[in-house]
Amino acid sequence: MIALAPLSALYGAAVRARLALYESGALKSHAAGAPVVSVGNLTTGGTGKTPLVEWLARSLAAGGRRVCVLTRGYGRDDERRRVVVSDGGRVLAGAREGGDEPRLLAERLLGAASIVSAADRVAAARWAVEHLGAQVFVLDDGFQHVRLRRDLDVVTIDATNPWGGGRLLPRGRLREPRGGIARAGVVVITRADLAQDLAGLRAEVERLTRGRARVFESRVRTLGASQLSNESKSSGETQASAAMSSLEEVPRPASAFCAVGNPRAFFAQLRAEGVELQSERAFADHHAYTQHDADALSAEAARVGARSLLTTAKDAVKLRALAFALPLYVVETSIEIDGAESLLRAVEEALGLTARRESR
């Protein structure tokens, strides 16, 4: 890892230089044509950002607004293409075309928000205003995407690994120096119930933001599990999960696998729920599963005595066309935010939406 130190130094210099160019006005940020709230993080890997994006989009849509989620759509077949994953009323693209997280958001936000995957989110935002009637944007993974002007930056900090080892990429997991969090107007500490020193972490966040950011805490709440049905490839993009049941009803013992940014948090969550795991398998984030993977996972689980397999909802959108020899269950979760109403009010005020609502 020490050999990567020079690369991290070069990376850090490049990040600082780029941000300085935007701050000085040498590089321009561009307006979307509608209010924008960005949800992002300082580190690579899963910080619980996607559930917060879903919650924000749903909450803003509840006020009668046409919400559009803008995302890069990492891991899709062609990240250069603009793909409308959902127009708000219909899911229009699968996980391979639009990305696994955008596909999951499209299903969960059906009737509440449209989802657009695009590398150029400035152009995508303007297109969505014209063609989808977007009135407010939630920019997914947008903290470093300063080319698109935003009205509020919300940053998620994972309490189980808040600073990504404390080093910049590629030596560590920090996308930019910790001091960059000072740009945030709101910080949400995720997985707060798993923090070793929550008070200390909160104090550090307040110090780094100079007390200018509102700080909230959240945790993952397990809702239950639903069995994923095997389907043919021709229909593999349809919703294939059965009715949700409690985790206690999943055949035990079980094995678990996932391809998410923070797999350890998923496995720890299962153990905290009392699930006895015979084996754990973590793939790279956004991994594209094959039938070979499904066969290997089933065989390994059976070898260690597991009677079922567990995975995440993000993974499930890529697994519906595959066949598993053991029952496969999708663990369904939601985000629970302390002071959720205050958080929504802070977002609406920053976007100028409270005044608009009161003036109607």
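Residues numbered from 1 in each chain as written. Predicted model: local features only at pLDDT ≥ 70, side-chain atom pairs only at ≥ 80, totals over all residues. Heavy atoms only, no water.

1. Things to note about the pairing of strand β7 (residues 186-190)
Step number 1: In terms of burial, β7 is a largely internal element, 5 of the 5 residues being buried.
Step number 2: Because side chains alternate across β7, one face comprises the buried residues Val186, Val188 and Thr190, and the other comprises Val187 and Ile189, equally buried.
Step number 3: Judged from the 5 bridges that link them, strand β6 (residues 152-158) and β7 form a sheet pairing that is parallel. Paired with threonine 156 across the strands is valine 188, a residue of β7.
Step number 4: As judged from the 4 bridges shared by β7 and strand β8 (residues 214-227), these two strands associate in the parallel manner. Across the sheet, the residue bridging to valine 186 is arginine 214, located in β8. (Buried < 20%, exposed > 50% of the residue type's maximum accessible area, 1.4 Å probe, protein only. Helix = DSSP H or I, 4+ residues; strand = E, 2+ residues; numbered from the N terminus. Pairing = 2+ DSSP bridges.)

2. A few points about the packing of aromatic side chains
For any pair of aromatic rings, the description consists of the separation of the ring centres together with the inter-plane angle of the planes.
Step number 1: Taken as a whole and assessed by the stated rule, the structure comprises 4 aromatic pairs.
Step number 2: Arranged with centres 5.8 Å apart and planes meeting at 75°, the rings of phenylalanine 257 and tyrosine 289 form a pair that is edge-to-face. Here the residue phenylalanine 257 occupies a position in strand β9 (residues 254-258), and tyrosine 289 occupies one in the loop between β10 (277-282) and α8 (291-303), the gap between them amounting to 32 residues.
Step number 3: Aromatic side chains phenylalanine 257 and phenylalanine 324 sit 6.1 Å apart centroid to centroid with 20° between the ring planes, which places their arrangement in the stacked category. Residue phenylalanine 257 is located in strand β9, and its partner phenylalanine 324 is located in the loop between α9 (313-316) and β12 (328-337); the two are separated by 67 residues in the primary sequence. The same class applies to phenylalanine 257 and to phenylalanine 324, which are both buried. (Phe/Tyr/Trp six-rings, centres within 6.5 Å; stacked < 30°, edge-to-face > 60°.)

3. Here's the deal with the confidence of the model for the chain
Step number 1: Within the chain, residue pLDDT values average 93, and 94% of them lie at 70 or more.
Step number 2: Confidence drops under pLDDT 50 across residues 232-240; counting only partners more than four residues distant or on other chains, this segment forms 21 contacts. (pLDDT = per-residue confidence, 0-100. Contact = heavy atoms within 4.5 Å.)

4. Quick look at helix α6 (residues 198-208)
Step number 1: For α6, the set of buried residues is Leu201, Glu204, Val205 and Leu208. The buried residues of α6 occupy an angular sector of 100° when projected down its axis, which confines them to one face. Exposed side of α6, more than 90 degrees from the buried face: Ala199 and Arg207 are the residues found there.
Step number 2: Where α6 is buried, its residues touch β6, β7 and β8. (Arc of directions from axis to C-beta.)

5. Quick look at the packing of helix α2 (residues 49-61) against helix α4 (residues 100-108)
Step number 1: Axis separation between α2 and α4 bottoms out at 11 Å; the angle between their running directions is 35°. Of the two possible hands of crossing, α2 and α4 adopt the one that is right-handed. Between α2 and α4, the contacting residues are Lys49, Thr50, Val53, Glu54 and Arg58 on the first element and Glu101, Leu105 and Arg108 on the second.
Step number 2: Classifying every residue of the contact of α2 with α4 gives 2 nonpolar, 1 polar and 5 charged. (Axes fitted to C-alpha atoms, helices over the stretch in contact; angles between N-to-C directions. Left-handed = near helix turned anticlockwise from the far one by under 90°. Nonpolar A, V, L, I, M, F, W, Y, C, P; charged D, E, K, R; others polar.)

6. Focus on the nonpolar core
Step number 1: Residues Val37, Leu52, Leu60, Val138 and Leu343 are the most contacted members of the largest nonpolar core, which totals 34 residues.
Step number 2: In terms of residue count, α2 provides more of this core than any other element does, 7 residues in total.
Step number 3: Judged by nonpolar contacts, the second largest core, of 21 residues, contains Leu319, Phe324, Leu326 and Val330. (Core = buried A, V, L, I, M, F, W, Y, C linked by side-chain atoms within 4.5 Å.)

7. What to know about α8
Step number 1: Over its 13 residues, α8 runs 18 Å from end to end, which matches the ideal 18 Å to within 8%, given 1.5 Å per residue.
Step number 2: Within α8, the full set of buried residues consists of Asp293, Ala294, Leu297, Ser298 and Ala301. On an axial view of α8, the arc spanned by its buried residues comes to 130°, and they lie on one face. Facing away from the buried surface of α8 by more than 90 degrees, the exposed residues are His292 and Arg303.
Step number 3: Next to the buried residues of α8 lie β9, β10 and β11 (308-312).
Step number 4: Where α8 terminates, the next one or two residues include glycine 305, which has phi positive at roughly 90°. (Expected span 1.5 Å × (residues − 1).)

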